Structure formats: structure tokens, C-alpha cells
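Each chain, letter by letter, is given below.
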Amino acid sequence: MSTSSRYPFTAIVGQDDLRLALLLNAVSPAVGGVLVRGEKGTAKSTAVRALAALLPPVRTVEGCRFSCDPAAPDPGCPDGPHPAAGPGGERAARMVELPVGASEDRLVGALDIERALAEGVKAFEPGLLADAHRGILYVDEVNLLHDHLIDLLLDAAAMGASYVEREGVSVRHAARFLLVGTMNPEEGELRPQLLDRFGLTVEVAASREPDQRVEVVRRRLAFEDDPAAFAGRWSGEEAGLRERVAAARALLPRVRLGDGALRRIAAVCAAFEVDGMRGDLVMARTATALAAWAGRTEVAVEDVRQAALLALPHRRRRNPFDAPGLDEEKLDEVLRDAAADDPEDEPPTPPEGQAPEEPDGGDDDGPGPDGGGGGRPDPGDGAGDGSGGLPPQRTEDSGAPAPEDAPEALTGAEPGESGGGTPRPASAEQRAVAAGEPFRTKVLSVPGLGAGAAGRRSRARTEHGRTTGATRPEGALTKLHLTATVRAAAPHQRARGRSGRGLVVRRDDLRQATREGREGNLVLFVVDASGSMAARRRMGAVKGAVLSLLLDAYQRRDKVGLVTFRGREAEVALPPTSSVDAAAARLQALPTGGRTPLAAGLLKAHDVLRVERLRDATRRPLLVVVTDGRATGGPEPMALAGRAARLHAAEATASVVVDCETGPVRLGLAGELARELRGTAVTLDELRAEALTGLVKDVTDHHRARRAA
């Protein structure tokens, strides 16, 4: 991409944290990269692409595919050895993008196994890690990459080298780059172990200020109308920022990180219970880079504070449903306490009125070109309350929020469940009930051998796992089965004129290893939210059980979906997604009340699964119906529910029914529903002590029995 066709970095107004984090990594790549979390259209990609123009040019050995530095060539370079101080050229720093659907060979490079076996040579085709060496590697939607690719990527970023091994043939090359990943949290979170490998994290959101949004549109339209002229108007600012980056790089080795600053860093990490020592190290490197960026040779208190805000929020998650964040009041208190313990150090700078240092040295604070002003989401936008900005649920009869001590029984509840007081009409909508305490579950699995996306739940044919056999490769060979290949080539050695010790191998001899591992599934929850389910103790226990299964789905890399039914209809509260965080938030905010359209819930679930089979036929579903089995409203509601259940049974959908019926009189309707689904039923009382998931696991046995019949 030419400089004139790239949006200038200095023209991005707002997104101060994003720009600062990128520039700090440009000053000191040892910081460890940036993870950018936020919505679409907030200048994430634009800022990363624009940063490449600010990096100094790269001198490379002529003809080297791995961008070796002529002054210090890599002694292990596959294209080497290179003579020291040999001829070299100069090129601009690269910005390499890693697509979500990239293969392992595309990332790390590919070895020609056929030539390695037949000719004994290491024929290696470099991958994206080699292309990004001494530049920027940008991964959009990093949370959608397969875990093993993220592991390879972060290992290379941490070690500064990439290793490729195939059946005893090994290649190593240098791979040092500035790593930037972007993600939309609504599409799923990264594992905490992977989050920890990113040096800094930044939350971005579009500005809610009309004036800033106007400036976004004005600048973007001006750029699209004449990119060269627009870039020319910002060329002076770009040159100045480029010089500042170079000056900060030169100053970085002279910056002193004193004992006082180190003690503050350690105190902050300890106070926020940061696991491991990576947080301390990243904070130290970030604070040093901040001092160099400000032109100072001594790390100050404000550097430590800013480093904590960038390096620690994503390291404080204690469970998958925790949102990244840092309590700034607590941070200031810890810094003040650390200063009191070390009287020789200056007191921390108070946060009131303190503005972060402008990365581009300018005074403009407008929005970025793709939608946005910087900073964190405005608290008034409703973010962060776990309810998606929804107001408290209100009762129909009074219009006021239901009191905390509202009666637990509603009209339509079973006898013996009344908590006293006058029952409300069955159609009244009650405020959401908090979920009970989650608990550890056993493995839920779908029967048979699948071929879906890599995960940790059901058995499947995968690229990674134990080797179970060999087959002829249909395309490019990715996993060689060495024994089968030798066995196929051995009978033909005399006919091929073999004379030496080497084995004469042809392409037809190569065999691909078939492997078995685990896949992720689609777990679709169908939750009864009608009036008969609205008793607080019951609904709290139900939500706690579903929340436990959501935690299990997160750990096993499943997609999850949520269908609810009450009143006169069913709705898809959450379409199938990889974000169990979103599912948990919708579950917590789920109100109750009204009739029980069970058939509508099952039919809605059938529609969801039908669409998902078209989108991804390899991802197998597991249906979890949470109900007391009652059906009301319309003609013959129970018969309609039975017919809807038989639709799922006809498609052999693995299913389990969580029977939520309580009280001394029980009708056993959930058990009837489970029989119609040809699934498993479990009572609400059995949810604890791992009984539920033990029975869910028995779904496999039910399907085996059905196939035998």
C-alpha cells in the first residue's frame, strides 16, 4: 500500500489509548504487542495500517526471504549463511495481515516433505511470520482463530523465532514483529492464558459526541475524495511523529527504571492479584517506553500509572464472565501507599485533571476516520451493567419494579410452592431473578465421531490429536504418516532403480495421517420463562444450572445459543455465538411471566438448528430444554408440543430435558417430553452433586440404544 493511499496516523483524532499503545510498541517492541477490543468502525484497522508508515525503513540482505539485517544476519537463516556487512537494500516496514481462515502452513511456512524424503533437502516456503519479521503482524478477529494457531503466533512473538517441524525435518528462522490483534468481545472471548500473552490491551468505542462524529465523516470523505491531497496536508505532522518515534527508540536504552518505580510496579501487581510475573515485566517495559516517549531518562510515577492502565486490565479476569477492567481509585491508593513507604520518591501525580499525553503531539482531539472518538464507553450508554442497557423489568399491574420481597408463587405455580401473599396474574412480567451459585459439571458429549471445529467436547476427526490411521492425501499433504509412506514405497525400490541408501519416493507413495481429537459443539438452550417457572428459588436454581453449563461450554470451545418462551411466543434471545459471556448476560437479565408456549419454543429451536446446519453442517448440536413440561395457550398445547419434539427426534438431535417441576404434586410432564425427544430427563432436585451432567452424558447411551433398535 502506497503512502498516499494510506490514511495518515496523525489524522486519526481521538482513540488516545489506542494510538498511545501502538506507538509504545513501535518505540519498544519488547512490550509485547496490543490487543484492541471494541465494536466495528472505530478506526482499529486504520490505525494499525497507518502505523506502518511511522516505522523506520528496514535494511535487508539482498535476496534473503527472511529479511535478515546485513549488519547482524541471523546465523540460522534458511537462506544463509550471509556474510557479515554484506550487500543490502532498504525497504519500508511491512504490515502483514493474518486472515482468520489461515492454515498452520500459511502462518509458519511449509516444508516439501516429498523432496525432503526423496532428495534429502529442506525445501521450505516461508509463511506470514517470515513476511512480518521486523514489521507489523496484524490479526483481525483474533478471538476467532483456532487456539493452536494463536499458540504458535504468541510463541513466535515471545521467542522472536519460528520453528517448523515435520516428521523429523526442522527449520528455524527469526520472527520479531509488532503484534496487534483486534476483536469484538460479542463474538467470543480469548482464553485468559492467551490474553496474558498480549502486552497491552485497549478498549475502543465510537464517540457519542455529535461534533466528533461530524469530524469523522468530514475527514473520511476528504480522504476518499483525494487520498494524495489529504495525505499531503498531513505530511508535516506525519514526518514529525516519525522523527519522535525514532528519537524515543534512540533514547530508550538510556532510560533508568529505579528501585522506587520497580516497587510501585510490584505493589500494583500484588494489590490487583495479577497471576504470574508477566504483568510486572510488561509494566516495567511499558513504563520505560512511556518515559522515552516523553523524552525523559527516568521513569516517573505517571509512567507507572499509565502502564498499569494499559497492561493490567486483561490480566485480572478470574472467570470467563468477568469483564476486563481496572479500578483507578484503588490504583491511585496503591501508588500513594507505595510512595509513603519510600519517602525518597516523589508523591504520585493526582489523577484529577490529568490528561494522557497526546501520542501525536497535537492538540486536536476529534474522532478517528472509521467512527471514532477514543476513550472508554460512556457510563450513560448502559454498558457494563450486564443487561444490555435494558431498564428494570416492571410488573404489568403496577408499572413499578417488583420489590425484592415479592411473593415467590404466581398463578399457575404448583400447589405447595406459595410463599404467602396474594398471587399475581399469570401474565404479569416479573423482574429478573439472580442466578444461583454455579458448580462444576461433568462432560456433555454428542455420540458418534464428528468432523467439526476443534474443541474439547465430543470425539471427532481433527488435524491435531492421536493418529488413528493413514489415507491418500486429497490435496496438499499436511500430516505425513511416515510408516505408511515407507510401506507404500518399499515394494517399488528395485523397479525405480534404487542404488544407494536413500529411499526412492514418488508422490503416489505419500500417505496422510488421520487423527482423532475433540470438537466443539453447538449447545442450544431452550428455557421456559413462563409464569409457572417464576418462583424465585426455582428460577434461581435453574439459572445457576444453565450458568454452570455455560461455563463448561466456554472451557470446551462450544458455540451456544439461547431460546426463551413465555406469553404467546418464543424468541431467540441469543443467536448461536462463540460468546458465552453474552449468553450469561442474557440469562441473568431474563424476566418471567405469562403462559407457557412450549411448542413455540421447540419449533423456534428447530428453526435455529436448521439454519445452523446450513451454515456449518459439521458442527453437531446438543439441545438442552429447561422446563417443567407444562404447555398452555391455544388449542391442544400438549399435543402440539409433542409433535414439535418429534421433529427433533426425527433428526437425531441429542437432547436433555431439565425437569423444573417442584412441590408435592408432580405431573411428570417433562419426562413425557424427554421421551418424545428420545432424550434424557433429570429433575431439578438432581441438578446438584453433578447428577445433571452425568445424565446429560448418558445421551450417548440413549442414541446407541436407538441405533441398535
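Numbering of residues starts from 1 in every chain and runs along the sequence as written. In view of the model being predicted, local features appear only for residues whose pLDDT reaches at least 70, and side-chain atom pairs are presented and counted only at 80 or more, with totals across whole chains, interfaces and linings using the full set of residues. Side-chain numbers here rest on the full set of heavy atoms in the structure, without hydrogens or water.

This paragraph deals with the state of the cysteines. Linking two cysteines covalently through their sulfur atoms gives a disulfide. The disulfide definition used here is simple: a pair of cysteine sulfur atoms within 2.5 Å. Scanning the entire structure with this criterion turns up zero disulfides. The structure places no disulfide on Cys-77, whose sulfur is separated from the nearest cysteine sulfur, that of Cys-68, by 3.6 Å.

All right, on to the packing of aromatic side chains then. Aromatic rings considered in pairs are described by the distance between their centres and by the relative angle of their planes. When the centres of two rings from Phe, Tyr and Trp lie within 6.5 Å, Trp using its six-membered ring, the rings pair. Their planes under 30 degrees apart give stacked, over 60 give edge-to-face, and anything left gives tilted. Scanning the entire structure with this criterion turns up five aromatic pairs. When the ring of Tyr-7 is compared with that of Phe-230, the centres are 5.3 Å apart and the planes differ by 40°; the resulting orientation is tilted. Highlighted residues: Tyr-7 in the segment before helix H1 (16-27) and Phe-230 in helix H9 (residues 227-233), separated in sequence by 223 residues. Criterion for a charge above a ring: Arg CZ or Lys NZ at most 6 Å from the ring centre, at most 35 degrees from the ring normal. Seen from the ring of Trp-293, Arg-244 lies directly overhead, with NZ or CZ sitting 3.9 Å from the centre. Sitting above the plane of the Phe-272 ring, Lys-330 keeps its charged end 4.9 Å from the centroid. Each helix is a run of DSSP H or I of at least 4 residues and each strand a run of E of at least 2, with the numbering of both proceeding from the N terminus.

Grouped together as the largest cluster of nonpolar side chains are 68 residues, with contacts concentrated most on Phe-9, Leu-22, Leu-51, Val-268, Met-283 and Trp-293. Counting residues per element, this core draws most heavily on helix H12 (residues 278-293), which supplies nine residues. Residues contacting Leu-22, with those up to four places away along its chain left out, are Phe-9, Val-34, Ala-47, Val-48, Leu-51, Leu-178 and Val-180. Throughout this description, the term nonpolar core refers to a set of buried Ala, Val, Leu, Ile, Met, Phe, Trp, Tyr and Cys residues connected via side-chain atoms within 4.5 Å. Buried residues are those whose accessible area, probed at 1.4 Å on protein chains only, stays under 20% of the maximum for their type, while exposed residues exceed 50% and partly exposed ones sit between those limits. One finds Val-61, Leu-128, Leu-190 and Leu-194 within the second-largest nonpolar core, a separate group that totals 36 residues. Working rule for contacts: check all heavy atoms of both residues, and any pair within 4.5 Å makes them a contact.

Any residue range with low pLDDT should be treated as having predicted coordinates unsuitable for detailed reading. Of the residues in the protein, 77% have a pLDDT of 70 or more, and the chain-wide mean is 78. Here pLDDT means the predictor's own confidence in every residue, given as a number from 0 to 100. When the elements of the protein are averaged for pLDDT, helix H21 (residues 691-697) gives the smallest value, 43, and H12 the largest, 95. Low pLDDT, under 50, characterises residues 354-427; the stretch is placed with 167 contacts to residues that sit more than four places away or in other chains.

The subject of this paragraph is the packing of H12 against helix H13 (residues 301-311). To obtain each axis, a line is fitted to C-alpha atoms, and for helices this fit is confined to the stretch in contact; angles are then taken between N-to-C directions over 0 to 180 degrees. Where H12 meets H13, the closest approach of the two axes is 8 Å, and the angle between their N-to-C directions is 125°. What the angle tells us is that H12 and H13 run oblique. Crossing handedness for the pair H12 and H13: right-handed. Contacts between H12 and H13 involve Val-282, Met-283, Thr-286, Ala-287, Leu-290 and Ala-291 from the first element and Asp-303, Val-304, Gln-306, Ala-307, Ala-308 and Ala-311 from the second. Here the term charged refers only to Asp, Glu, Lys and Arg, the term nonpolar to Ala, Val, Leu, Ile, Met, Phe, Trp, Tyr, Cys and Pro, and the term polar to all other amino acids, Gly among them. Split by residue class, the contact of H12 with H13 holds nine nonpolar, two polar and one charged. For classification purposes, angles smaller than 35 degrees are called roughly parallel, those larger than 145 roughly antiparallel, those between 65 and 115 roughly perpendicular, and all remaining angles oblique. By the definition used in this description, the sense in which the near helix is turned from the far one sets the handedness, with an anticlockwise turn below a right angle giving left-handed and a clockwise turn giving right-handed.

The next thing to look at is the sheet that holds strand S14 (residues 512-519). Two strands make a pair as long as DSSP finds a minimum of two bridges between them. An order of S12-S14-S13 is seen for the three strands of this open sheet, with the pairing classed as antiparallel. Of all the strands in the sheet, the pair left with one neighbour each is strand S12 (454-462) and strand S13 (466-471). Going across the sheet, the axis of each strand differs from the next one's by a mean of 30°, ignoring polarity. For S13 and S14, the ladder comprises five bridges, and the chain directions are antiparallel.

A few words on the pattern of salt bridges. Every case where a carboxyl oxygen of Asp or Glu lies within 4 Å of a side-chain nitrogen of Lys or Arg is listed as a salt bridge. This model, assessed by the stated rule, comprises 26 salt bridges. The partner of Arg-218 in a salt bridge is Glu-215, and the shortest N-O contact between them spans 2.6 Å. Residue Arg-218 and its partner Glu-215 are both found in helix H8 (residues 210-225); the two are separated by three residues, about one turn of the helix. When its relative accessible area of 49% is taken as the criterion, Arg-218 is described as partly exposed. For the salt bridge of Glu-328 with Arg-305, the shortest nitrogen-to-oxygen distance reads 3.1 Å. Taken as a pair, Glu-328 in helix H14 (residues 328-341) and Arg-305 in helix H13 lie far apart in primary sequence, 23 residues in all.

The patches reported here contain residues having more than 30% relative accessible area and no salt bridge. Joining distances are 9 Å for like charges and 5 Å for nonpolar side chains (Val, Leu, Ile, Met, Phe, Trp, Tyr). All accessible-area figures derive from a Shrake-Rupley calculation using a 1.4 Å probe, and residue coverage is judged against the displayed protein chains alone. Neither His nor the chain termini are counted; the positive set is Lys and Arg, and the negative set is Asp and Glu. For charged residues, the charge sits on one atom: NZ in Lys, CZ in Arg, CG in Asp, CD in Glu. Taken together, the side chains of Asp-327, Glu-329, Glu-333, Asp-337 and Asp-341 present a region of like negative charge at the surface. Summarising the element assignment, Glu-329 is placed in helix H14. According to the relative accessible area criterion, Glu-329 is exposed, its value standing at 65%.

To continue, consider the sheet that holds strand S1 (residues 34-38). Reading across from one edge, S4-S7-S10-S1-S11 is the order of the five strands in this open sheet, with parallel pairing throughout. Where the open sheet ends on each side, the last strands, each with one partner, are strand S4 (95-98) and strand S11 (200-204). Direction aside, neighbouring strands of the sheet carry axes that sit 20° apart on average. The pairing of S1 with strand S10 (residues 178-183) spans four bridges and is classified as parallel.

A separate point is the side chain of Arg-620. When you line up the elements, Arg-620 lands in the loop between helix H18 (598-615) and strand S18 (621-627). Here Arg-620 is in contact with Val-446, Pro-447, Gly-448, Leu-449, Gly-450, Ser-458, Arg-459, Glu-519, Asn-521 and Leu-522, once residues within four sequence places are set aside.

Inspection of the secondary structure assignment puts Asn-184 in the loop between S10 and helix H7 (192-195). Those residues in contact with Asn-184, other than ones at most four positions away along the chain, are Gly-38, Lys-40, Glu-141 and Asn-143.

Counting buried residues in strand S15 (residues 522-528) gives seven out of seven residues, a clear majority hidden from the surface. Alternating residues of S15 divide into Leu-522, Leu-524, Val-526 and Asp-528 and Val-523, Phe-525 and Val-527, and every residue in both groups is buried. Summarising the sheet, S15 and strand S16 (residues 559-566) pair through seven bridges and their orientation is parallel. Within S16, the residue paired with Phe-525 across the bridge is Leu-562. Examined bridge by bridge, S15 and S18 share six bridges and lie parallel to one another. Opposite Phe-525, over in S18, you have Val-624 as the bridge partner.

Tracing the backbone through its elements, the reader meets Gly-668 in the loop between strand S19 (654-659) and helix H20 (669-677). Gly-668 sits 15 residues away from Thr-683 along the chain, and the two C-alpha atoms are 9.6 Å apart.

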